Structure formats: C-alpha cells, structure tokens
Amino acid sequence: DASLDAVLTRKARPGMVEGLRRVRDLVFEGDRQRHVFTDRLGELSMPLQILWGTADRILPVSQVAGLADRYPVHLLEDSGHNPLFEEPGRVAGLLRAFFHDVDRGL
C-alpha cells in the first residue's frame, strides 16, 4: 500500500505523467524495449550486482539470462519492476552485503 501511495503521489506532481510518457516513448517501441544493453555491461569499470524482480512486467527477467556467470545476480521472486519499493529490507540487505564485499576487495 505504501508503495502504491508513493507512486500515485509522484504521478500527481505537475509534468510527471508527461515526463513518464516521454521516457516510455524513448525506451519502448510499441510493446517492445528498443535497446537491451546487457552485452555492454563489460564496459563498466565499477563493481556490478544485478537485482531483478521475476514478476517484472516492464522489463523481462529473461534479460539477465547468462549474466550470473559474470556478475552476482539476485532474482527476487516476489518482486516486480520496483524491488526497492516492494522489498526494501531484502534489497537493503543485498546491497549491504555487496558493498561489504566491494570494500573487502572481493
């Protein structure tokens, strides 16, 4: 409920809906995502961890297929597109552990 309230509050801000529509039009063509950049992740110079909700109806979980052999991938079974809002405690725990490992040089 709190997650839904937060989204509705943000959408009520002036210009927010129009801005979200612009983002949608840049990211999607019809019902398909225009660009998938998973093949470019290796270009990043920082540590990377992937958190993905398996119930994401916007970006399919299939996009992380094959990445677990290169990066830590955590599939969040009960989450959709916004795991940070849907499971904040679990996401915070995963981030804490990841930052701890990065600090230790792992």
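Refer to the structure above for everything that follows.
The present account deals with the structure reproduced in this document.

Reading the values: the criteria
- Residues numbered from 1 in each chain as written.
- Predicted model: local features only at pLDDT ≥ 70, side-chain atom pairs only at ≥ 80, totals over all residues.
- Heavy atoms only, no water.
- Helix = DSSP H or I, 4+ residues; strand = E, 2+ residues; numbered from the N terminus.
- Contact = heavy atoms within 4.5 Å.
- Areas by Shrake-Rupley, 256 points an atom, 1.4 Å probe, with all protein chains shown as cover.
- Lys, Arg positive; Asp, Glu negative; His and termini not counted.
- Charge placed at Lys NZ, Arg CZ, Asp CG, Glu CD.
- Core = buried A, V, L, I, M, F, W, Y, C linked by side-chain atoms within 4.5 Å.
- Buried < 20%, exposed > 50% of the residue type's maximum accessible area, 1.4 Å probe, protein only.
- Expected span 1.5 Å × (residues − 1).
- Arc of directions from axis to C-beta.
- Phe/Tyr/Trp six-rings, centres within 6.5 Å; stacked < 30°, edge-to-face > 60°.
- Patch = residues over 30% accessible without salt bridge, like charges linked within 9 Å, V, L, I, M, F, W, Y side chains within 5 Å.
- Salt bridge = Lys/Arg side-chain N within 4 Å of Asp/Glu carboxyl O.
- Polar contact = N/O pair within 3.5 Å; in protein donor to acceptor, adjacent residues only side chain to side chain.

**Comments concerning the overall build of the protein**
- Scanning the protein from N- to C-terminus turns up four helices and four strands.
- For the protein, the N- to C-terminal ordering of α and β elements is α-α-β-β-β-β-α-α.
- Along the first, second and third principal axes, the C-alpha set of the protein runs to 45 × 30 × 25 Å.
- Pairs at least 24 apart in sequence give 39% of the contacts found in the protein among residues at least 6 apart.
- On the protein, roughly 8000 Å² of surface is accessible, and the fraction owed to carbon and sulfur atoms is 56%.
- Positive and negative side-chain charges in the protein, numbering 14 and 16 respectively, have mean positions lying 5 Å apart.

**A word on the nonpolar core**
- Formed by Phe28, Leu41, Ile50, Trp52, Leu59, Val64, Leu67 and Tyr71, the largest nonpolar core amounts to eight residues.
- Look past the residues within four positions of tryptophan 52 in its chain and what remains in contact with it is Leu59, Pro60, Val61, Gln63, Val64, His74, Leu75 and Leu76.

**Focus on helix 4 (residues 88-103)**
- Taking 1.5 Å of rise per residue, 16 residues should cover 22 Å, and helix 4 covers 22 Å from first to last C-alpha, within 8% of that figure.
- Looking at helix 4, one finds that the buried residues are Val91, Leu94 and Phe98. Buried residues of helix 4 fall within an arc of 65 degrees about the axis and therefore sit on the same side. For helix 4, exposure combined with an orientation more than 90 degrees from the buried face picks out Gly89, Arg96 and Asp103.
- For helix 4, the elements touching its buried residues are strand 3 (50-53), strand 4 (73-76) and helix 3 (83-86).
- Immediately downstream of helix 4, the backbone of glycine 105 shows phi near 85 degrees, a positive value.

**Re the packing of aromatic side chains**
- Under the definition given, this model contains one aromatic pair.
- Look at phenylalanine 98 and phenylalanine 99: their rings are 5.8 Å apart centre to centre, the planes differ by 55 degrees, and that puts the pair in the tilted class.
- Residue phenylalanine 98 is classed as buried on the basis of its relative accessible area of 14%.
- The exposure class assigned to phenylalanine 99 is partly exposed, which follows from its relative accessible area of 45%.

**Concerning a nonpolar patch on the surface**
- A grouping of Val23, Leu26 and Val27 is seen on the molecular surface, where their side chains present a nonpolar patch of about 260 Å² in accessible area.
- Its place among the elements puts leucine 26 in helix 2 (residues 16-27).
- Judged by relative accessible area, leucine 26 falls into the exposed class, the value being 64%.

**Brief notes about the side chain of glutamine 63**
- If you trace the backbone, glutamine 63 turns up in the loop between strand 3 and strand 4.
- The class for glutamine 63 is buried, based on a relative accessible area of 13%.
- Among the polar contacts made by the side chain of glutamine 63, one reaches the side chain of glutamine 33 at a distance of 2.5 Å.
- Excluding its chain neighbours within four sequence positions, the residues that come into contact with glutamine 63 are Gln33, Val36, Thr38 and Trp52.

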